[in-house]
Amino acid sequence: SSGINAEYGEDVLRLFCDTFPLNLDEGGDRNAQLGIDNHDKYVLKPQREGGGHNLWDEEMKEKLLSLAGDPARAQFILMKKITPPVLKNKFVRRGVMSEELDTVSEFGFYSVYCTADDVIQNQVVGPLIRTKGATENEGGVAVGISAIDSPFFV
């Protein structure tokens with residue numbers, strides 16, 4: 001037994017957002033329509049790292065409509081928008097502390113996945129917390145929108 005009860009498992013699952021593939025099949029068509037019909041609740045994300053390039057709201061809806069029947073649609077995922085609580089925080093950039101701002105944080109994981117013919121390594125190697133201004137859509141650290149943060153567990 002893992003020692004995790006159903007209530008704890010449900011609490012953990014509430015920390016993650018649903019993601020939906022957009023393959024060119026019945027499921028992908030259904031997921032694309034979900035994004036088109038609910039464009040205020042989802043974000044369209046390209047399958048790449050580095051932040052930026054996400055599409056939101058009407059822009060996302062138009063992109064999904066334009067990708068109907070196009071194999072390029074599979075290069076994106078649809079993700080339910082993250083709605084974390086807004087907290088007061090400060091940023092330190094280049095040794096200078098900002099004024100207090102409304103911020104939001106996203107918790108994730110650093111992981112390692114290596115393959116050749118078989119999976120060589122697939123494991124979580126640590127936590128990742130990105131904090132950004134509450135009004136920012138994008139969250140890329142590399143592009144200067146957010147900052148790597150540290151957890152303070154209570």
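Reference entry: report on the structure contained in this document.

Description of helix H2 (residues 26–37)
Consideration 1: In a regular helix each residue adds 1.5 Å, so 12 residues correspond to 16 Å; H2 covers 16 Å between its end C-alpha atoms and thus fits that length.
Consideration 2: Those residues of H2 not exposed but buried are Gly27, Gly28, Asn31, Ala32, Gly35 and Ile36.
Consideration 3: Each element contacted by the buried residues of H2 is listed here: strand S1 (19–21), helix H3 (57–66) and strand S4 (76–80).
Consideration 4: Measuring from the backbone nitrogen of glycine 27 back to the side-chain oxygen at the start of H2 gives 3.2 Å, which picks out aspartate 25 as the cap.

Side note on the packing of H2 against H3
Consideration 1: Contact pair H2 / H3: the axes reach a minimum separation of 8 Å and the direction vectors enclose 150°. Along this stretch, H2 crosses H3, giving a crossing that reads as left-handed. From H2, Ala32, Gly35 and Ile36 reach across to H3, where they touch Met60, Lys61, Leu64 and Leu65.
Consideration 2: Across the contact of H2 with H3, the residue classes tally to 5 nonpolar, 1 polar and 1 charged.

Here's the deal with the pattern of salt bridges
Consideration 1: One pass over the structure, following the stated rule, counts 6 salt bridges.
Consideration 2: Note that lysine 81 and aspartate 57 form a salt bridge whose closest N and O atoms lie 3.0 Å from each other. Placement of lysine 81 in the loop between S4 and strand S5 (87–89) and of aspartate 57 in helix H3 is noted, with a sequence separation of 24 residues between them.
Consideration 3: Arginine 130 serves as the salt-bridge partner of glutamate 106, at 2.9 Å between the closest nitrogen and oxygen. Of this pair, glutamate 106 sits in strand S8 (residues 101–115) while arginine 130 is found in strand S9 (residues 119–133), placing the two residues 24 residues apart along the sequence.
Consideration 4: Look at arginine 130 and you get partly exposed, because its relative accessible area is 30%.

Topic: the side chain of glutamate 106
Consideration 1: Classification of glutamate 106 by relative accessible area gives buried; the value is 18%.
Consideration 2: With near-sequence residues (within four places) excluded, glutamate 106 lies in contact with Ile82, Leu128, Ile129, Arg130 and Lys132.

Quick word on the packing of aromatic side chains
Consideration 1: In total, this model carries 2 aromatic pairs according to the counting rule given.
Consideration 2: Between phenylalanine 20 and tyrosine 42, the aromatic rings sit 6.0 Å apart at their centres with planes inclined by 65°, giving edge-to-face as the arrangement. Of this pair, phenylalanine 20 sits in strand S1 while tyrosine 42 is found in strand S2 (residues 42–46), placing the two residues 22 residues apart along the sequence. By the burial criterion, phenylalanine 20 is buried, and tyrosine 42 matches it.
Consideration 3: Between phenylalanine 107 and phenylalanine 109, the ring centres sit 5.5 Å apart and the planes meet at 85°, which makes this aromatic pair edge-to-face.
Consideration 4: Given a relative accessible area of 43%, phenylalanine 107 falls into the partly exposed group.
Consideration 5: Classification of phenylalanine 109 as partly exposed rests on a relative accessible area of 41%.
Consideration 6: Above the ring of phenylalanine 91, the side-chain terminus of arginine 93 is found at 4.5 Å from the ring centroid.

Parameters and conventions
- Residues numbered from 1 in each chain as written.
- Predicted model: local features only at pLDDT ≥ 70, side-chain atom pairs only at ≥ 80, totals over all residues.
- Heavy atoms only, no water.
- Helix = DSSP H or I, 4+ residues; strand = E, 2+ residues; numbered from the N terminus.
- Expected span 1.5 Å × (residues − 1).
- Buried < 20%, exposed > 50% of the residue type's maximum accessible area, 1.4 Å probe, protein only.
- Contact = heavy atoms within 4.5 Å.
- Polar contact = N/O pair within 3.5 Å; in protein donor to acceptor, adjacent residues only side chain to side chain.
- Axes fitted to C-alpha atoms, helices over the stretch in contact; angles between N-to-C directions.
- Left-handed = near helix turned anticlockwise from the far one by under 90°.
- Nonpolar A, V, L, I, M, F, W, Y, C, P; charged D, E, K, R; others polar.
- Salt bridge = Lys/Arg side-chain N within 4 Å of Asp/Glu carboxyl O.
- Phe/Tyr/Trp six-rings, centres within 6.5 Å; stacked < 30°, edge-to-face > 60°.
- Lys NZ or Arg CZ within 6 Å of the ring centre and 35° of its normal.

The values reported here are purely geometric and, on their own, carry no functional implication.
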